[in-house]
Amino acid sequence: MKNFLFLAVTFLLLSACSSKKSLISKTFDKQLSAAFYQNQFTGVLVIDVETKDTVYSNNSHKYFIPASNTKIFTLFAALKILPDQIPALKYVEANDTLYFEGTADPSLLHPYIKDSTALIFLKDHSNLVFVSNNFQDEKYGPGWAWDDYQWYYSAEKSALPINGNVVMSYKNPELIVSPIYFKDSVLELSNTNNRNESSNRFYYPPTKKDTLETPFITSDQTTRSILENLLSKKIGAVKSMPPSEKRTIYGSISDSLYVRMMHESDNFIAEQLLLVASGVLTDTLNGKLSRDFILENELKDLKQEPRWVDGSGLSRYNLFTPQNMVSVLDRLYTLVPKERLFSIFPAGGLSGTLKNRFAGDENPYIYAKSGSLSNNYCLSGYLVAKSGKVLIFSFMNNHFKQSTSEERNRLEQMLQTVRDTY
């Protein structure tokens with residue numbers, strides 16, 4: 001009798017689950033067969049995080065341009081490689097001189113992170129020498145749009161970034177410039193661009209009322225000059241460290257950078273985190289070292305080999321599948337306690353880039369990373385159904401000409417179906 005009851009209950013549960021998946025599949029199939037989707041490319045994968053059962057799949061093995069969904073891979077790499085505090089500076093003390101090099105830590109005087117660990121440390125030493133040979137990367141990622149040079153989301157990568165490698169200008173009521181080193185380089189006049197393409201000459205329109213963030217052109221000399229201005233002391237320069245073991249000081253809490261990267265889709269922090277990670281793995285700052293390490297050691301069993309070329313997703317050379325995204329999201333769910341993980345991701349209707357979208361009735365039901373480039377919109381993350389079950393999903397939409405808002409509205413309808421049904 002007990003065996004019969006067990007089998008009966010099991011049958012009923014399986015039937016209910018099958019019915020739910022069937023209803024979701026019918027709804028999704030109907031949505032995706034609409035004329036709206038006919039001239040674009042769409043891939044979907046939804047799985048149950050506990051059973052690993054596929055709830056819905058469509059083109060989930062095909063490659064898509066992920067845009068900022070790439071940051072999910074960058075987050076995974078950072079969590080696997082970096083300590084709980086970010087390395088802020090490496091140094092060697094020889095006689096009465098401190099030789100120091102950057103770790104690519106993006107938080108030094110960052111407009112929103114505002115860490116000053118490295119600056120305080122350097123202030124305590126009289127004779128400083130900057131070592132610059134550990135940065136072995138390009139200032140821009142492959143395939144980045146050349147004419148984005150003047151926009152905050154395309155700041156240059158560097159070994160020792162300061163102020164997020166942007167110049168911030170605003171009125172209060174006089175013009176305030178940060179870093180102050182660039183005070184005389186910002187002109188109050190209207191210009192077609194916010195900065196000259198080939199020089200650190202900036203423009204702040206006289207009628208502007210809010211803050212303007214403009215990337216500056218980085219170089220070893222510029223880094224030294226900004227530091228000299230901040231520290232009020234001269235800094236020497238050499239190409240290599242003295243032959244002695246380097247020591248490291250640690251600065252900002254790593255999660256503060258992860259939250260900023262994921263909530264605000266901060267491209268600069270994403271790129272710099274891969275550089276920091278490479279400096280932990282080796283003695284060289286190069287984002288490819290981190291990407292290759294993760295793909296070869298942590299993600300070698302992915303069903304499709306992704307093309308992963310930057311940390312932020314600015315490049316259209318990146319190619320990932322929905323299966324790639326779901327697989328990494330699944331590993332993150334196992335790696336990080338749920339409460340912490342969900343706090344790192346934007347919450348629908350509550351925080352970050354999802355603050356005004358995908359809102360729940362009382363509590364958030366979506367914790368996910370969006371990704372937008374012109375004609376592309378992707379959303380991948382976690383969904384909490386009304387039953388309390390957690391699902392992992394990836395929706396990737398490429399090559400549409402309709403509005404992104406309409407793309408999101410239709411996606412929200414499908415996600416609500418999953419929330420209410422499963």
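Owing to the predicted nature of the structure, the values given are computational and were not obtained by experimental measurement. Starting from 1, residues in each chain are numbered consecutively following that chain's sequence as written. In keeping with the model being predicted, local features are shown solely for residues with a pLDDT of at least 70 and side-chain atom pairs are shown and tallied solely at 80 or more, while totals for entire chains, interfaces and linings include all residues. Side-chain metrics in this entry use all non-hydrogen atoms of the structure; hydrogen atoms and water are not considered.

Caption draft 1: Spatial organisation of the nonpolar core. By size, the foremost hydrophobic cluster in this structure holds 52 residues, and its most contacted members are L75, L82, L332 and F345. Only DSSP runs of H or I covering at least 4 residues are called helices, and only runs of E covering at least 2 are called strands; the numbering of each starts at the N terminus. Looking at this core element by element, the count peaks at eight residues for helix α2 (residues 70–81). Apart from the residues lying within four places of it in its own chain, the contact partners of L82 are Y258, L273, V276, A277 and V280. Buried Ala, Val, Leu, Ile, Met, Phe, Trp, Tyr and Cys residues form a nonpolar core when they are joined through side-chain atoms within 4.5 Å. The cut-offs for exposure are 20% and 50% of the maximum accessible area for each residue type, with area from a 1.4 Å probe on protein chains only; residues under the lower value are buried, those over the upper are exposed, and the others partly exposed. Contacts are residue-level and defined by heavy atoms, with any inter-residue pair within 4.5 Å sufficient.

Caption draft 2: Fine view of α2. The terminal C-alpha atoms of α2, which comprises twelve residues, lie 17 Å apart, in line with the 16 Å expected from a rise of 1.5 Å per residue. Of all twelve residues making up α2, eleven are buried, and the element is well covered by its neighbours. If you check which residues of α2 are buried, you get T70, K71, I72, F73, T74, L75, F76, A77, A78, L79 and I81. What a helix should span is 1.5 Å times the count of its residues minus one.

Caption draft 3: Expanded view of the layout of surface pockets. For cavity detection a 1 Å grid was placed over the protein atoms alone, and a set of points counts as a cavity when a 1.4 Å probe fits there but cannot get out; an open set counts as a pocket when protein lies on both sides within 12 Å along at least five of seven lines, with lining residues being those that have an atom within 4 Å of a point. Grid points are joined across faces, edges and corners, and a volume is the space filled by probe spheres set on the points. Size it by volume and the largest pocket reaches roughly 750 Å³. Y152, Y153, E264, S265 and N267 are the residues nearest the centre of the largest pocket, which is lined by 37 residues in total. Elements represented by at least two residues in the lining of the largest pocket include exactly α6 (267–281) and β13 (366–373). If one sorts the elements of the lining of the largest pocket by residue count, β13 sits on top with five residues. Approximately 310 Å³ is the volume found for the second largest pocket.

Caption draft 4: Structural context of the pairing of strand β1 (residues 41–48). In terms of burial, β1 is largely enclosed, as seven of its eight residues are buried. In this structure, β1 lies alongside strand β15 (residues 390–398), joined through eight bridges in antiparallel fashion. Within β15, the position partnered with T42 by the bridge is N397. Where β1 lies against strand β2 (residues 54–58), four bridges are found, and the strand directions are antiparallel. Note that in β2 the partner of I47 across the bridge is T54. Paired strands, in this sense, are two strands between which DSSP finds at least two bridges. Between β1 and β2, which pair antiparallel and follow one another directly, the connecting turn spans five residues, one of which, K52, has a positive phi of 70°.

Caption draft 5: Quick peek at the packing of α2 against α6. The axes are straight lines fitted to the C-alpha atoms, using for helices just the contacting stretch, and the angles between their N-to-C directions are given from 0 to 180°. At a minimum axis distance of 10 Å, the contact between α2 and α6 shows a crossing angle of 35°. Relative to α6, α2 is oriented so that their crossing is left-handed. Residue-level inspection shows K71, T74, A77 and I81 of α2 in contact with α6, the latter providing N267, A270, L274, A277, V280 and L281. In terms of residue class, the contact of α2 with α6 is built from seven nonpolar, two polar and one charged. It is the rotation of the near helix from the far one that decides the hand of a crossing: anticlockwise by less than a right angle makes it left-handed, clockwise makes it right-handed. Any residue outside Ala, Val, Leu, Ile, Met, Phe, Trp, Tyr, Cys, Pro, Asp, Glu, Lys and Arg is labelled polar, Gly included; the first ten of those are nonpolar and the last four are charged.

Caption draft 6: Layout of unusual backbone geometry. P173 follows N172 through a cis peptide bond whose omega is -15°. Relative to the helices and strands, P173 is located in the loop between β6 (166–171) and β7 (175–178). With an omega dihedral of -5°, the bond running from S178 to P179 counts as a cis peptide bond. Mapped onto the elements of the fold, P179 is located in the loop between β7 and β8 (186–187).

Caption draft 7: Structural context of the side chain of R291. Here R291 shows up in helix α7 (residues 287–297). Charge assignment: positive for Lys and Arg, negative for Asp and Glu; neither His nor the chain ends contribute. Just to be clear on terms, a salt bridge is a Lys or Arg side-chain nitrogen sitting within 4 Å of an Asp or Glu carboxyl oxygen. At 5.4 Å, E271 is the nearest oppositely charged side chain to R291, a buried residue that forms no salt bridge. Once residues within four sequence positions are removed from consideration, R291 is found in contact with L274, W308, V309 and D310.

Caption draft 8: Quick look at the sheet that holds strand β12 (residues 247–253). Reading across from one edge, β11-β5-β4-β3-β12 is the order of the five strands in this open sheet, with mixed pairing throughout. A strand with exactly one partner marks an edge of an open sheet, and here the two such strands are β11 (235–238) and β12. Each strand axis lies, on average, 30° off the axis of its neighbour in the sheet, ignoring direction. One ladder, built from four bridges, connects strand β5 (residues 127–131) with β11; its direction is parallel. Directly across from L128, in β11, lies its bridge partner I235. Across the sheet, helix α5 (residues 254–263) lies against β3 (85–94) and β12, angled at about 50° from β12, the strand it touches most.

Caption draft 9: How the structure looks around the sheet that holds β1. As summarised here, the arrangement of the five strands in space is β2-β1-β15-β14-β13, forming an open sheet in which the pairing is antiparallel. Every other strand in the sheet has two partners, leaving β2 and β13 as the edge strands with one partner each. Across the sheet, the mean angle from the axis of one strand to that of its neighbour is 5°, orientation sign disregarded. Judged from the nine bridges that link them, strand β14 (residues 376–384) and β15 form a sheet pairing that is antiparallel. Note on β15: the bridge partner recorded for N376 is N398.

Caption draft 10: Focus on the confidence of the model for the protein chain. The score called pLDDT rates the predictor's confidence residue by residue, from a low of 0 to a high of 100. Across the protein chain, the average pLDDT comes to 95, with 96% of residues at or above 70. Confidence drops under a pLDDT of 50 for residues 4–14, and excluding neighbours within four residues, the segment shows zero contacts in the predicted structure.

Caption draft 11: The side chain of D266, seen in detail. Positionally, D266 belongs in the loop between α5 and α6. Classification of D266 as buried rests on a relative accessible area of 10%. Of the polar contacts made by the side chain of D266, one reaches the backbone nitrogen of I269; its length is 2.9 Å. Setting aside its immediate chain neighbours within four residues, D266 contacts K71, H110, R260 and M261. Distance and chemistry together define a polar contact, namely a pair of N or O atoms within 3.5 Å, with one atom able to donate a hydrogen and the other to accept it when in protein, and with adjacent residues in sequence counting only for side-chain atoms on both sides.

Caption draft 12: Here's a closer look at empty space enclosed by the protein. Summed over all chains, the structure comprises four cavities of 30 Å³ or more. Approximately 70 Å³ is the volume found for the largest cavity. Around the largest cavity, the lining is made up of 13 residues, and of these K90, G102, T103, G279 and L285 lie nearest the centre. Within the residue set of the lining of the largest cavity, elements represented by two or more residues are β3 and α6. Per-element accounting of the lining of the largest cavity gives the leading share, three residues, to α6. The residue inventory of the lining of the largest cavity, partitioned by class, reads four nonpolar, six polar and three charged.

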